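# Residue-level structural notes
Here is how the chains run, residue by residue.
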Amino acid sequence: MARTDANPPMPEWSTEYQLVEVDHEYLTKAVKPKQFIHIDQSECIMCEGCVDICPWKCIHMVTPDAIAEATGTEQPGMDPSDNVIFLIDDDVCTRCALCVDRCPTGVIILGKAGAPAAEGDSHTRTNNHGYAYGMRL
Amino acid sequence: MTEIPEHLLKRAQAAREKAAGGDAGGAQAGGDRIPDQLLDRTKAASDGAAAVVASAPAGGGVPVGAGPGGHTQRLLTVVKSGSIQEAKAAPVDKVHTWPHLLAVEFVAALACTAFLFVFSWVVNAPLLQAADFNKTPNPSKAPWYFLGLQELLTMFHPMIAGVTLPGMGLIALILAPYLDRNASNKPEDRKFMTSMMTMFLMFWAVLTIIGSFFRGPGFNFTFPWRDGIFFEL
Ligand code: SF4
Ligand code: SF4
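The model shown is predicted, which means the values in this text are computed figures rather than measured ones.

Another point: the pairing of strand 6 (residues 108–112) of chain A. Residue and element names in this part refer to chain A. Counting buried positions along strand 6 yields four of five residues, so the element is predominantly enclosed. In this sheet, strand 6 lies alongside strand 2 (residues 35–39) in antiparallel orientation, the contact comprising five bridges. Paired with histidine 38 across the two strands is isoleucine 109, which belongs to strand 6.

Rendered as structure tokens:
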């Protein structure tokens, strides 16, 4: 069957990641779009809805042992309660926000990296995060 | 500003150069697309060029696009509680049944219907004249695709040949997905099932050929080169 854009090749993934902590200036230099997907782990139920809905297959839920080394930050998996990690390919992500809509617990947000934290409840969508209850601001 | 260890920088740099070199040699001009030979995932992994970067207040000495495929990949979150899904270290590609499978199947069904339509339009297949019970055809043969079964009937009791054997075949077909748990679709991994299917096809082909060409009047055994062919398509 001919490949269509609805069925694109998956971005490349590794099983030996080198985890490095960077700041938002690095991110804004490395990736053109200024908005970034975030997941708040505390309410994620690991349904993989975001993984399924992403048309570009750029969001993934994998075991923490995919990260071989961590520099300047705690290595996921060291804490035995670390269950899964979510990875995103920021060069492939189109910021379509389908995953934001898909998430049944509403823990995915599309926001600017490095922007000051929103006041009050951190789960509230604000202008800052570019999203308010399914409505783009 | 966090120090990035020398060896990580070197590995990332080497991978970048490799990717850039491959790009220059490649036919396509897409800057961030890497030619196929570099897309080998395990290779990218063992080169260690992968950098998951977390947006946190720290410095970056990481070269831009040091992740797999020259992309920037980010650790979104580490989830602590138990999962309702089974997680694997490497992601599995999943697509939805609709439209990826069903669209193709629908088109295939349309194509078959169109073919049948044209075929029955072009090929004339009239009924024969009214049957005369004083003059029944001899031999009386089933359509060719039933002649294997008819041949079986000459060897066994109708209960065995007509019900038990086909029934066992149907049950085996129903159970096939449970009996054959081998997920591979490479012929070299499926020797047993391939030989089973070959045996079945040979068995059936031999029965059909005997029933078609080696059975004459009274459905008695005959040789086509001696008594002629008693076969109509
Ligand atoms: S915003 Fe769209 S492209 Fe990006 S991860 Fe979510 S679903 Fe995928
Ligand atoms: S859709 Fe939401 S709850 Fe489900 S896995 Fe993704 S982030 Fe977690």
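Following the structure, the description resumes.
Near ligand 1 lie 14 residues; those nearest to it are A:Cys54, A:Cys93, A:Cys96, A:Ala97 and A:Cys99. Classifying every residue of the shell around ligand 1 gives twelve nonpolar, one polar and one charged.

Attention shifts here to the nonpolar core. Formed by 25 residues in total, the largest nonpolar core has its most connected members in A:Ile37, A:Ile59, A:Phe86 and A:Ile108. Every element with two or more residues in this core is listed here: strand 2, helix 2 (49–53), strand 3 (59–62), strand 5 (84–89), helix 3 (98–102) and strand 6 of chain A together with strand 2 (73–79) of chain B. Here the element with the most residues in this core is strand 5 of chain A; it accounts for three residues. One finds A:Ala66, A:Ile67, A:Ile85 and B:Leu75 within the second-largest nonpolar core, a separate group that totals ten residues.

Here we take up the site of ligand 2. Taken together, the neighbourhood of ligand 2 is formed by 14 residues, with A:Cys44, A:Cys47, A:Glu48, A:Cys50 and A:Cys103 sitting nearest. Partitioning the shell around ligand 2 into residue classes produces eleven nonpolar, two polar and one charged.

Residues and elements named next belong to chain A. Position of leucine 27 among the secondary structure elements: in helix 1 (residues 24–30). Leucine 27 gets classed as buried once you look at its relative accessible area, which sits at 0%. Each C-alpha atom of the pair leucine 27 and alanine 113 lies 7.7 Å from the other, and the pair is 86 residues apart in sequence.

Each value, and the rule that gives it
By convention here, each chain's residues receive numbers from 1 onward along its written sequence. Just so you know, chain letters begin at A and ligand numbers begin at 1, following the order they were written in. At least 70 in pLDDT is required for a residue's local features to be given in this predicted model, at least 80 for side-chain atom pairs to be given and counted, and no such filter applies to totals for whole chains, interfaces and linings, which use all residues. As a rule here, side-chain values come from all non-hydrogen atoms in the structure, and water together with hydrogens is ignored. With a 1.4 Å probe rolled over the protein chains alone, any residue whose accessible area is under 20% of its type maximum counts as buried; one over 50% counts as exposed, and the rest are partly exposed. Helix and strand labels come from DSSP, where a helix needs a run of H or I of at least four residues and a strand needs a run of E of at least two; each type is numbered from the N terminus. Whether two strands pair depends on DSSP finding at least two bridges between them. Near residues are defined by distance, with any heavy atom within 4 Å of the molecule or strand qualifying the residue. Only Asp, Glu, Lys and Arg are considered charged in this grouping, and only Ala, Val, Leu, Ile, Met, Phe, Trp, Tyr, Cys and Pro are considered nonpolar; every other residue, Gly among them, is considered polar. We call a set of buried Ala, Val, Leu, Ile, Met, Phe, Trp, Tyr and Cys residues a nonpolar core when their side-chain atoms join them within 4.5 Å.

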